[in-house]
Amino acid sequence: MREPINSFKESVESIKNLHALHKHLCSLLPAMDLSEILRAEIVLTVSAFDCFIHDIVRKGVMDIFNANRDKNSKYDNLCIPISTVKQMLQADNDLDRNELLEISVKKILSKESYQSPSSIENALQLISIKKIWSSIKDEMHMSSEDITKKLGIIISRRNKIAHESDIKNHIDTTKNEIEREDVDDIIDFISTLVECINNQL
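Residue numbers run consecutively from 1 along every chain, following the written order of its sequence. Totals for whole chains, interfaces and linings use every residue, but because this is a predicted model, local features are given only for residues with pLDDT of at least 70 and side-chain atom pairs only at 80 or more, for both listing and counting. Computation of side-chain values: all heavy atoms of the structure, hydrogens and water removed.

Participant: It is not clear to me how the nonpolar core should be interpreted in this structure. Could you clarify?
Facilitator: Note on soluble globular proteins: their nonpolar side chains tend to be buried together. As used in this record, nonpolar core signifies buried Ala, Val, Leu, Ile, Met, Phe, Trp, Tyr and Cys residues forming a set joined through side-chain atoms within 4.5 Å. Think of it in three bands: with a 1.4 Å probe and only protein chains considered, a residue is buried below 20% of the maximum accessible area for its type, exposed above 50%, and partly exposed in between. With 47 residues, the main nonpolar core has Ile53, Val57, Leu193 and Ile197 as its most contacted residues. Starting at the N terminus, helices and strands are each numbered in turn, a helix being any DSSP run of H or I of at least four residues and a strand any DSSP run of E of at least two. Of all elements in the fold, only helix H1 (4-28), helix H2 (35-65), helix H5 (94-109), helix H6 (117-125), helix H7 (132-140), helix H8 (144-164) and helix H9 (180-198) reach the threshold of two or more residues within this core. Counting residues per element, this core draws most heavily on H2, which supplies 12 residues. By definition, residues are in contact when any of their heavy atoms lie within 4.5 Å. Ignoring sequence-local partners within four residues, the contact set of leucine 193 consists of Phe49, Trp133, Ile136, Met140, Ile147 and Leu151.

See the structure below:
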């Protein structure tokens, strides 16, 4: 299994390369509107965060299954298809059983989107991490409320871009303004948030 924090960092590095490309193109083509690159960076940053949460939850479920992490009621009630259970019972060794379970867990989790503060908190409870926002507030140097509020604003902006093309209203096609500083702030906040969550594992 890939290491979640390393995969996230690789994703952020590629986003920063895109950010550098945007800056370079702006200097070459000052008259051209290149703001769509910035919007793409926001979507990709949230996607990397979502992927990180999926990865740590899947890894955490496997750790609980292998008695390397404390179980909890949410884990106990995770529903695995009977067909998977049957295959696991017929598997010849632990490695095969783990692979079958991990594939099934990945499929189950793929139906969920782990972006909003409430969905992330619920996901982490599955792997025995409770009250995540209060647990990381000191390390984030923010109150729990400010962390969730800022994350909520970022997710709302991502959704506006992804689902509504970042258009301001239904009257015309004018888009919401976006600056490089907006993307810098989002990348920095999400990166710090990932590091703090990772430290709780």
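Participant: Honestly, the environment of leucine 44 in this entry has me stumped. Any pointers?
Facilitator: Position of leucine 44 among the secondary structure elements: in helix H2. In this structure, the C-alpha to C-alpha distance between leucine 44 and arginine 158, residues 114 residues apart in sequence, is 9.1 Å. In this view, leucine 44 contacts Ile15 and Leu18; residues no more than four positions away in its chain are not counted.

Participant: Looking at this structure, I do not really get unusual backbone geometry. What am I missing?
Facilitator: Apart from glycine, the bulk of residues carry a negative phi angle, and the bulk of peptide bonds sit in the trans form. Positioned with a positive phi, alanine 67 is a non-glycine residue whose angle comes to about 65°. Within the secondary structure layout, alanine 67 lies in the loop between H2 and helix H3 (73-76). On the basis of relative accessible area, alanine 67 is assigned to the exposed category, the value being 68%. The backbone of lysine 131 shows a phi angle near 50°, a positive value even though the residue is not glycine.

Participant: Sorry, what's going on with the pattern of salt bridges here?
Facilitator: Between side chains of opposite charge, a pair can form when the charged atoms approach closely. Salt bridge criterion: a side-chain nitrogen from Lys or Arg within 4 Å of a carboxyl oxygen from Asp or Glu. Taken as a whole, this structure holds 12 salt bridges when the rule is applied. Where aspartate 55 meets arginine 58, a salt bridge forms, and the shortest distance between an N and an O atom there is 3.4 Å. Of this pair, aspartate 55 and arginine 58 both sit in helix H2, three residues apart, which is roughly one turn of that helix. Residues aspartate 55 and arginine 58 agree in their burial class; the two are buried. Across the pair aspartate 138 and lysine 137 runs a salt bridge whose closest N-O atoms are separated by 3.6 Å. On the accessibility criterion, aspartate 138 (59% relative accessible area) is exposed. Salt bridges linked by common partners bring Glu36, Arg39, Arg157, Asp166 and Lys175 together as one network.

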